[in-house]
Amino acid sequence: MEKEILDPCCGSRMFYFDKQNPLVDFRDNREVHETLCDGRILNVAPDTIGDVRHIDAPDGTYSLVVFDPPHLKYGAGWQCEKYGRLPAEWRQFLHDAFAECWRVLKPGGTLVFKWNECHIPLRDVLACFDQQPILGNKKPAQSATHWLLFYKPENNSDASDSAHTEQKENAQ
């Protein structure tokens, strides 16, 4: 079965109802099998180990991309083990990772983006992307976790680029 969905930063697949869904190409840059300090088991076991900035797939491979990158800039311990940590050059990392996810997304496809504002505000993250989300929760009530949807039109014209430019200008 050809995999139609890509999750390039799958971690332990926490929000999946079926953690073995055959439609999903689960990827991550690490593999972790350990017991956390509170006794819970952390299992990061991607189908493929690789860098989200360099996905070995042709352009337009996936109908859906789920992009949930690390959110932490600093720290140590179980949270970094569980969620990963951003590199020091996080802006460039997020720009390159999003661009690569967008590259492998089919025209007419959807990219789901998840972000937690524990260290970096969403507006700073969105400024790293060359696309603008279609919809999402702008002000999550208590969790500080945003879920946003990006849509790649069949004709990926400059319309989304001009909308992004307008979004950046409005944010300033």
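Figured I'd write up the structure that's included with this text. Computed from a prediction, not measured in an experiment: that's the story for all the values here.

Each helix and strand counted, the chain has four helices and nine strands in total. The linear arrangement of helices and strands in the chain, starting from the amino end, is β-β-β-β-β-β-α-α-β-α-β-β-α. Counting across all 172 residues of the chain, residues that qualify as buried make up 41%. For the chain, the proportion of contacts with a sequence separation of at least 24, taken over those separated by at least 6, is 61%.

Further remarks concern the packing of aromatic side chains. Taken as a whole and judged by the stated rule, the model has 12 aromatic pairs. A ring pair is formed by Phe 15 and Trp 147, whose centres lie 5.1 Å apart and whose planes are at 80°; its orientation type is edge-to-face. With Phe 15 in the loop between strand E1 (5-7) and strand E2 (24-28) and Trp 147 in strand E9 (residues 145-151), this residue pair connects regions lying 132 residues apart in the sequence. A relative accessible area of 32% means that Phe 15 is categorised as partly exposed. A network of ring pairs unites the aromatic residues Phe 67, Phe 98, Trp 102, Phe 113, Trp 115, Phe 129 and Phe 150 as a single cluster. Cation over ring: Arg 13 sits above Phe 26, and NZ or CZ is 3.7 Å from the ring centre.

A contiguous nonpolar surface patch, about 370 Å² in accessible area, is contributed by Ile 134, Leu 135, Leu 149 and Tyr 151. With respect to the helices, strands and loops of the structure, Ile 134 is situated in the loop between helix H3 (122-126) and strand E8 (135-136).

Right, let's talk about the sheet that holds E9 for a bit. Adjacent strands of a sheet form backbone hydrogen bonds with each other and so pair up, either parallel or antiparallel. Taken in spatial order, the seven strands of this open sheet run E5-E2-E1-E6-E7-E9-E8, and their pairing is mixed. At either margin of the open sheet sits one strand with a lone partner, and together these are strand E5 (48-49) and E8. In the packing of helix H2 (residues 90-104) onto the sheet, contacts are made with E1, strand E6 (62-67), strand E7 (105-116) and E9, and the angle to E7 comes to roughly 150°.

Locating Trp 90 in the fold gives a position in helix H2. For the pair formed by Trp 90 and Lys 73, sequence separation is 17 residues and the distance between their alpha carbons is 7.9 Å. In contact with Trp 90, other than residues within four places in its own chain, are Lys 73, Ile 120, Asp 124 and Cys 128.

Topologically, Arg 27 is positioned in strand E2. When neighbours within four sequence positions are excluded, Arg 27 is seen to be in contact with Leu 6, Asp 7, Pro 8, Cys 9, Cys 10, Pro 46, Thr 48, Ile 55, Asp 56 and Tyr 62.

Calculation notes
- Residues numbered from 1 in each chain as written.
- Predicted model: local features only at pLDDT ≥ 70, side-chain atom pairs only at ≥ 80, totals over all residues.
- Heavy atoms only, no water.
- Helix = DSSP H or I, 4+ residues; strand = E, 2+ residues; numbered from the N terminus.
- Buried < 20%, exposed > 50% of the residue type's maximum accessible area, 1.4 Å probe, protein only.
- Contact = heavy atoms within 4.5 Å.
- Phe/Tyr/Trp six-rings, centres within 6.5 Å; stacked < 30°, edge-to-face > 60°.
- Lys NZ or Arg CZ within 6 Å of the ring centre and 35° of its normal.
- Patch = residues over 30% accessible without salt bridge, like charges linked within 9 Å, V, L, I, M, F, W, Y side chains within 5 Å.
- Areas by Shrake-Rupley, 256 points an atom, 1.4 Å probe, with all protein chains shown as cover.
- Salt bridge = Lys/Arg side-chain N within 4 Å of Asp/Glu carboxyl O.
- Pairing = 2+ DSSP bridges.
- Axes fitted to C-alpha atoms, helices over the stretch in contact; angles between N-to-C directions.

Structural measurements only, silent on function.
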